[in-house]
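An overview of the molecular structure
Residue strings, one per chain:
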Amino acid sequence: MKRRTFFILAGISTGLLILPPALYISAPPLRKFAIQIIQKELHYLKLEPSGVEKYVDDYFNSSVNDMLVNLRWKTFYYLKISPNQSARVFELIKYYLLSSDFFIHKTDESRTINYLGLYNPYKSPIPNPYSFQIYPPERPSA
Amino acid sequence: MKYNNYDLIVVGTGFASTFFLKKYLEKSNSPKKILVLDRGHLFPHAERLKLKKGEHSDFSQKEEPWEDAIINENKAKRWPFTLGFGGCSNCWWGCTPRFMPSDFKMNSLFGIEKDWPLDYDDLDPYYYEAEELMSISGPEDTPFPRKGKYPLPPHTFTAVDKILNQTYGNKYISQPSARASRATKGRNACFASSTCDICPVNAKFTVENSEIGVYENEQIELVFGAQVYSLETAGSQIKKVLYVKDGKDFEIAGEVIVLGANPIFNSNILLNAGDSNLFTGKGFGEQLGMQVLIYLDNMKNTGGSTWVNANGYMLYDGEHRKDYAACLIETNNAPYYIRLERGKWLNMASFRMLFEDLPLDENFIKPSANKLIPRVSFTKRSDYTMKGIANMKKKLPGILSCLPVEQLKYLEPFPNEGHIIGGTRMGQTAADSVVDKNMIHHQYRNLFVLGAGSFTTFSASNPTLTLAALSLYSADHSF
């Protein structure tokens with residue numbers, strides 16, 4: 001770990017110990033950081049804004065959401081952690097795309113990306129972006 | 001119970017029991033009293049689906065978590081299985097390659113462990129029969145000897161599969177699979193969904209959707225919630241089966257007894273019964289699986305029609321098995337490995353590499369203070385397997401040189417493979433094994449011990465088709 005990164009992490013951790021939990025929870029929600037991470041990483045796509053917010057709400061409502069998780073996400077944001085550096089950031093963005101119509105429209109960057117509902121292979125209309133449902137085999141010409 | 005004494009008592013309703021019963025019923029020429037004891041309950045596929053969708057199911061209390069059913073001494077190693085009607089046919093992935101002929105001759109070909117007491121040719125007709133019963137989808141040209149078409153056509157290749165098949169021929173094939181490529185009896189066509197354990201579209205073969213007419217047979221009395229834990233022995237015979245139902249102990253007499261629970265529980269039942277065979281419970285384990293991510297340059301890996309879309313045999317057979325493990329390549333066609341780089345989203349292939357392991361004495365099952373709950377002690381992977389991984393890392397870049405590979409990323413081995421093997425190995429005599437080639441216990445001659453627990457060696461291939469074929473073979477040669 002780089003020296004500067006270590007100090008920032010140490011500072012945030014210390015802050016968590018000093019801050020009373022109630023005060024910490026009342027701080028601005030982590031969700032806005034997650035939204036900003038998605039928007040930043042996918043800046044070249046047209047993300048439907050309310051869809052990103054709804055996705056982040058659904059994502060964190062469906063997973064463990066406690067003070068340590070909040071801290072971790074704030075850390076990611078302040079340290080400008082990229083998907084390559086953090087599996088959690090990678091998962092957040094990956095599942096946003098899987099939860100949208102991006103792959104159904106064959107990764108067409110010109111279209112607005114709509115959120116369809118939190119990814120679930122039992123509910124998603126086409127749950128596999130690699131699938132023959134989206135890329136059917138070429139049929140021999142008659 | 002309808003009777004005090006049964007012609008046949010079968011423990012479990014998974015693959016091993018079901019295929020044995022199928023053949024037994026075919027061969028029986030007079031009415032039989034058959035009792036089947038299942039520790040769990042029927043938990044229908046439609047109800048399991050409700051839970052997966054976050055809906056309510058009245059059956060949700062019917063599922064017994066595997067973690068509660070055993071004492072797992074090594075928490076880093078997991079042993080997921082499904083209890084209840086159909087056993088692991090509910091949770092399996094539907095991968096059904098045959099074993100290679102060499103898998104049965106590890107000692108004579110490579111000097112490793114023991115040869116099986118039967119060989120590929122012995123099992124060949126039963127492989128066909130099991131493939132027919134499960135309506136397997138697969139290709140015509142396979143690396144193992146097989147003539148003719150599978151019951152259903154093969155699944156569709158991805159772009160990567162096509163190139164590897166062109167390069168390696170029958171060493172790289174569409175995976176033979178119980179995930180139907182076309183709608184067939186009792187099942188829909190696979191949708192290439194991103195999960196298989198409970199198939200979202202009911203395309204995967206299970207005992208419940210099998211339509212092979214076993215448990216509907218009026219000779220069979222099927223009792224749920226009956227957990228068998230031991231046997232009453234008398235010399236070379238088993239006299240009674242001991243079980244717990246609704247918290248009370250019961251016993252029931254039978255002429256022929258069949259243990260078709262999973263390898264962990266088959267071993268526990270035998271050990272609780274005082275089986276003194278030196279190999280009972282020993283040599284337990286499973287294959288080792290690890291994922292390799294293949295980053296592709298300017299190539300989308302799209303178009304596959306099922307999850308495990310193909311099998312590669314380029315690292316499987318050969319003289320190297322004298323020194324290190326065979327590796328079967330499973331190519332995965334699932335959304336969990338995508339790229340987040342602009343324009344490269346689907347420029348990725350992911351291979352699951354399956355390595356055979358050896359039946360080591362250090363890995364074993366033993367009874368605990370609770371007669372119903374076995375203790376699983378798994379402490380070691382063989383050097384043979386670990387050398388296989390090292391060899392794979394050395395060879396894979398060359399094997400994939402026909403593809404535009406940017407980089408390979410090797411992930412850590414998975415904590416489980418879902419292929420529980422060993423504990424009641426098969427061999428020539430009690431000096432080297434627990435059961436004979438018909439899976440009859442060397443000492444107790446009216447006791448069959450079925451399933452992957454009987455495998456002499458592990459192979460690198462998925463075990464279910466072989467254990468189903470063995471059940472057919474066993475019943476056919478014993479009645």
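Values in this document were obtained by computation on a predicted structure and should not be read as measured data. (Residues numbered from 1 in each chain as written. Chains lettered and ligands numbered in written order. Predicted model: local features only at pLDDT ≥ 70, side-chain atom pairs only at ≥ 80, totals over all residues.)

Glancing now at the sheet that holds strand S3 (residues 71-72) of chain B. Consider a sheet: its strands pair through backbone hydrogen bonds, and that pairing is either parallel or antiparallel. Residue and element names in this part refer to chain B. Spatial ordering of the open sheet is given by S3-S14-S13, a layout of three strands whose pairing is mixed. Looking along the sheet, the strands with just one partner apiece sit at the ends: S3 and strand S13 (364-366). Relative to strand S14 (residues 375-377), S13 runs antiparallel, the two being bridged by three bridges. Each residue of the ladder has a partner; that of Phe364, found in S14, is Ser377. (Pairing = 2+ DSSP bridges. Helix = DSSP H or I, 4+ residues; strand = E, 2+ residues; numbered from the N terminus.)

Another point: the interface of chain B and chain A. Where interface size is given, it is often the accessible area lost as the parts come together that is meant. With 23 residues of chain B at the contact, the number on the chain A side is 20 residues. In terms of residue class, the side of chain B that touches chain A is built from nine nonpolar, eleven polar and three charged. (Contact = placed C-beta atoms within 7 Å. Nonpolar A, V, L, I, M, F, W, Y, C, P; charged D, E, K, R; others polar.)

On to the nonpolar core. Counting 132 residues, the largest nonpolar core has Ile9(B), Ala130(B), Ile257(B), Val258(B), Leu259(B), Cys327(B) and Ala469(B) as the members making the most contacts within it. It is helix H9 (residues 464-478) of chain B that provides the largest number of residues to this core, a total of eight residues. Every residue in contact with Ile9(B), bar those within four places of it in the chain, is listed here: Leu35(B), Leu37(B), Val241(B), Ile252(B), Gly254(B), Ile257(B) and Val258(B). Counting residues in hydrophobic clusters, the runner-up holds 22 residues, among them Leu92(A), Ile93(A), Tyr96(A) and Tyr115(A). (Core = buried A, V, L, I, M, F, W, Y, C linked by C-beta atoms within 7 Å. Buried ≥ 20, exposed ≤ 12 C-beta atoms within 10 Å, placed from the backbone.)

So, on to the confidence of the model for chain B. As a note on interpretation, predicted positions should not be read in detail where pLDDT is low. Per-residue pLDDT for chain B has a mean of 97; in total, 100% of the residues score no lower than 70. Interface scoring of the predicted complex returns ipTM 0.88; its pTM is 0.92. (pLDDT = per-residue confidence, 0-100.)

Glancing now at the pairing of strand S7 (residues 237-245) of chain B. Residues and elements named next belong to chain B. Two strands pair when backbone bridges link them, and strand S6 (residues 226-234) and S7 are joined in this way by eight bridges, in the antiparallel orientation. Directly across from Ala226, in S7, lies its bridge partner Lys245. Between S6 and S7, which pair antiparallel in sequence order, lie two residues; one of them, Gly235, sits at a positive phi of approximately 65°. With six bridges joining them, S7 and strand S8 (residues 248-259) adopt antiparallel strand pairing. By the bridge assignment, Lys240 is partnered in S8 with Ala253.

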